[in-house]
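Summary of the model geometry
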Amino acid sequence: EKEDVYQEVINKAEKLIPYVDKIVIKRIERRVGECKEIKFITLVEKDYLKVGGKVQYIDSLVSYLQNEIRSVKRILRDYQTVGRVRVILSPEVFGTIIAYTVKTLLNGNYPKLKLYEKVFPLTIFDNPLNDISPAFTVFDDEGVLTKKKELIGDGVVQDYLGTLYSRFGNPGNARGIPPEPDFFTLEIKGGDWSLEEMRDENKGVITIYGVESVQIIENSIRITPKIVEKDGVGLRIREIAVPFQDLLSIVALSKNVKPYALDEQHGIVSPYVLMPVRIILF
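This structure is a prediction, so every number in the text was calculated from the model and none was measured.

With that settled, consider the nonpolar core. Counting residues in each nonpolar core, the largest one holds 73 residues, and the members touching the most others are Leu-89 and Phe-94. In contact with Leu-89, other than residues within four places in its own chain, are Phe-94, Ile-97, Ile-208, Ile-240, Pro-271, Tyr-272, Val-273, Met-275 and Val-277.

What follows is the structure, given as structure tokens:
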């Protein structure tokens, strides 16, 4: 029956591909000891967004991308301001920042934050059971059953990405061979704002969409964005830099949260975020 579903989705994808840039469908079989998993996932890309999950959701994922893609005028202007600027980060941009932050600071082998330490004002879960993500799974690479885990609650460290042999953290986050602590799907709790309210309260604020590349330099995450826009006009900047400490300066989180596939093994659910970042020009 599952193989029939797989073939059915492949046939459906052929009809949907004209509406997006890329559709990937995969059959994944995993075995760890006596644990065995067979799953079928899809990844759908359009412009600067990529989403994924169970193959049965392919129609919804294509519709979601068609509705979400931001139309920006292709005339680019050079952005003049350099330094620390308040911006709106789209879910895929902010989610990528948090993904690298969590993996760096909450690694159960070498954590850089103490348990119950007060950190940035967020609530973050790792949820391997979220099937609007290509990373959904019922066990990790050590055969430990997975479950939703609160990593940061109301700004306080609650747990780490742990394995059976990590120094800190409850097991359930083992990924790879040899197994290392890693997340599956990060869910960042939203706030009280709408995107429209963020823009109305901050006239002329720029919004950043899409991630071309990302790297960590010392204690700062640097992202090359795909689209930077202000009032519908594209702006040209090289990078944004977000030091970990600047996450303490988050101004607002949107009520609505959006899914994003970082890659085939990692998912993100994030709100829009208003916060200061460092602008780096060409």
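A separate point is the sheet that holds strand β3 (residues 49-54). Reading across from one edge, β1-β2-β3 is the order of the three strands in this open sheet, with antiparallel pairing throughout. Looking along the sheet, the strands with just one partner apiece sit at the ends: β1 (22-32) and β3. Between one strand and the next, the sheet's axes are offset by a mean angle of 25°, whatever the strand orientation. Of the pairings in the sheet, the one linking β1 to strand β2 (residues 35-46) comprises eleven bridges and is antiparallel in character. For Ile-28, the partnering residue across the bridge sits in β2 and is Lys-39. Across the sheet, helix α2 (residues 58-68) is in contact with β1, β2 and β3; its angle to β3 comes to roughly 160°.

Looking at the secondary structure, you find Asn-130 in the loop between β6 (124-126) and β7 (149-153). A relative accessible area of 13% places Asn-130 in the buried class. Polar side-chain contacts of Asn-130 include one of 2.9 Å to the side chain of Glu-187. The contact partners of Asn-130, leaving out residues within four places of it in the chain, are Phe-136, Thr-185, Glu-187 and Val-269.

It is worth spelling out the packing of aromatic side chains at this point. Taken as a whole and judged by the stated rule, the model has two aromatic pairs. Ring centres of Tyr-48 and Tyr-209 lie 5.5 Å apart, and the angle between their planes is 50°; this geometry places the pair in the tilted category. Taken as a pair, Tyr-48 in the loop between β2 and β3 and Tyr-209 in strand β12 (residues 206-217) lie far apart in primary sequence, 161 residues in all. Measuring from ring centre to ring centre gives 6.0 Å for Tyr-160 and Phe-168, while their planes differ by 50°; the resulting arrangement is tilted. Overall, Phe-168 belongs to the partly exposed group, its relative accessible area being 36%. Across the ring face of Phe-136, the terminal group of Lys-54 is positioned such that the distance to the ring centre comes to 6.0 Å.

Rules of the game
The residue numbering used here restarts from 1 in each chain and proceeds along that chain's sequence as written. Confidence filtering applies because this is a predicted model: local features only for residues at pLDDT of at least 70, side-chain atom pairs given and counted only at 80 or more, and all residues used for totals across whole chains, interfaces and linings. Side-chain numbers come from the whole structure's heavy atoms, not from hydrogens or water. By nonpolar core is meant a set of buried Ala, Val, Leu, Ile, Met, Phe, Trp, Tyr and Cys residues that side-chain atoms within 4.5 Å join together. Only protein chains enter the calculation, and the probe is 1.4 Å; a residue is then buried if its accessible area is under 20% of its type maximum, exposed if over 50%, and partly exposed in between. Residues count as neighbours in contact if any of their non-hydrogen atoms are within 4.5 Å of one another. One bridge is not enough; two strands pair if DSSP finds at least two bridges between them. Counting from the N terminus, the helices are DSSP H or I runs at least four residues long and the strands are E runs at least two residues long. Axes, fitted as lines to C-alpha atoms, cover a helix only where it is in contact. Angles between the N-to-C directions of the axes lie from 0 to 180 degrees. Polar contact is defined as a pair of N or O atoms within 3.5 Å, subject to the rule that within protein one atom must be able to donate a hydrogen and the other to accept it, and that residues adjacent in sequence are counted only when both atoms are side-chain atoms. Stacked, tilted and edge-to-face are the three classes applied to pairs of Phe, Tyr and Trp rings, where Trp contributes its six-membered ring and a pair requires centres within 6.5 Å; stacked means planes under 30 degrees apart, edge-to-face means over 60, and tilted covers the rest. Note on geometry: a ring has a charge over it if NZ (lysine) or CZ (arginine) is within 6 Å of the ring centre and within 35 degrees of the ring normal.

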